[in-house]
Amino acid sequence: MHLNPYGEDAVKLAASLANERPGTPAELADRCRAFGLELESPVTAEDVERVHAVLDAWEQVVDAPGERRRAELVNGMLAGSAAHPRLTDHAGSGWHLHYRDDDQPPGAVLAALISVGTALHLVGRGMHRLRRCAVADCATIFADTSRTGRQRYCSQRCANRDAVRRHRAARARG
């Protein structure tokens with residue numbers, strides 16, 4: 001795994017998969033590779049189904065109404081996907097931690113990666129740093145990795161659109 005295991009990259013991969021869900025094993029494998037995650041075995045249709053179920057649960061975390069509920073949901077994901085941590089040096093990529101059992105299919109690998117990565121992101125950066133775009137007609141999910149922790153928009157494009165909307169509303173009132 002060349003991806004920063006269980007860190008910021010894992011949450012960004014989860015957001016990418018949730019925002020544009022892969023429909024085929026080839027799409028899922030390609031998306032993982034695009035994020036630097038090399039899977040050790042071929043992706044199957046069952047893996048795609050498992051990832052969709054994980055993303056359904058993950059979106060509940062994103063949309064949770066408060067920190068306690070968000071933590072409960074992440075804990076449920078962790079209980080269903082992660083194993084005790086273990087050191088590994090598979091494929092000669094250097095020693096690192098895995099929070100999953102060895103020889104798991106890609107769907108299980110992604111379930112562990114997404115659940116542990118989300119937990120570490122939220123406790124490391126802040127429980128509020130996973131959300132949907134603030135623009136009313138944009139439902140894009142993003143992980144706030146900004147320095148200040150105040151990111152409200154999924155992209156600069158949405159930030160600009162909202163600024164224009166607010167400016168026009170102010171001019172109409174005044």
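From a predicted model like this one, the values you see are computed outputs, not experimental measurements.

Details of a nonpolar patch on the surface
Taken together, the side chains of Leu 87, Trp 95 and Leu 97 present a nonpolar region at the surface, about 380 Å² in accessible area. Here Trp 95 is to be found in the loop between β1 (86–88) and β2 (96–98). On the basis of relative accessible area, Trp 95 is assigned to the exposed category, the value being 63%.

Remarks on the environment of Leu 73
Tracing the chain through its elements places Leu 73 in helix α4 (residues 67–81). Under the relative-accessibility criterion, Leu 73 is labelled buried at 14%. Setting aside residues no more than four positions away along its own chain, Leu 73 makes contact with Gln 60, Val 61 and Ala 64.

Structural notes on the packing of helix α1 (residues 8–19) against helix α5 (residues 106–125)
Direction vectors running N to C along α1 and α5 enclose 115°, while the axes themselves pass 8 Å from each other. Read as a crossing pair, α1 and α5 show a hand that is left-handed. On α5, the residues that touch Glu 8, Ala 10, Val 11, Leu 13 and Ala 14 of α1 are Leu 110, Leu 113, Ile 114, Gly 117, Thr 118, His 121 and Arg 125. Taken together, the residues of the contact of α1 with α5 break down into seven nonpolar, three polar and two charged.

Regarding the confidence of the model for the protein chain
For the protein chain, per-residue confidence averages 91 on the pLDDT scale, and 96% of positions sit at 70 or higher. Mean pLDDT values for the elements of the protein chain range from 81 in β2 up to 98 in helix α3 (residues 45–62).

Parameters at a glance
Residues numbered from 1 in each chain as written. Predicted model: local features only at pLDDT ≥ 70, side-chain atom pairs only at ≥ 80, totals over all residues. Heavy atoms only, no water. Patch = residues over 30% accessible without salt bridge, like charges linked within 9 Å, V, L, I, M, F, W, Y side chains within 5 Å. Areas by Shrake-Rupley, 256 points an atom, 1.4 Å probe, with all protein chains shown as cover. Salt bridge = Lys/Arg side-chain N within 4 Å of Asp/Glu carboxyl O. Helix = DSSP H or I, 4+ residues; strand = E, 2+ residues; numbered from the N terminus. Buried < 20%, exposed > 50% of the residue type's maximum accessible area, 1.4 Å probe, protein only. Contact = heavy atoms within 4.5 Å. Axes fitted to C-alpha atoms, helices over the stretch in contact; angles between N-to-C directions. Left-handed = near helix turned anticlockwise from the far one by under 90°. Nonpolar A, V, L, I, M, F, W, Y, C, P; charged D, E, K, R; others polar. pLDDT = per-residue confidence, 0-100.

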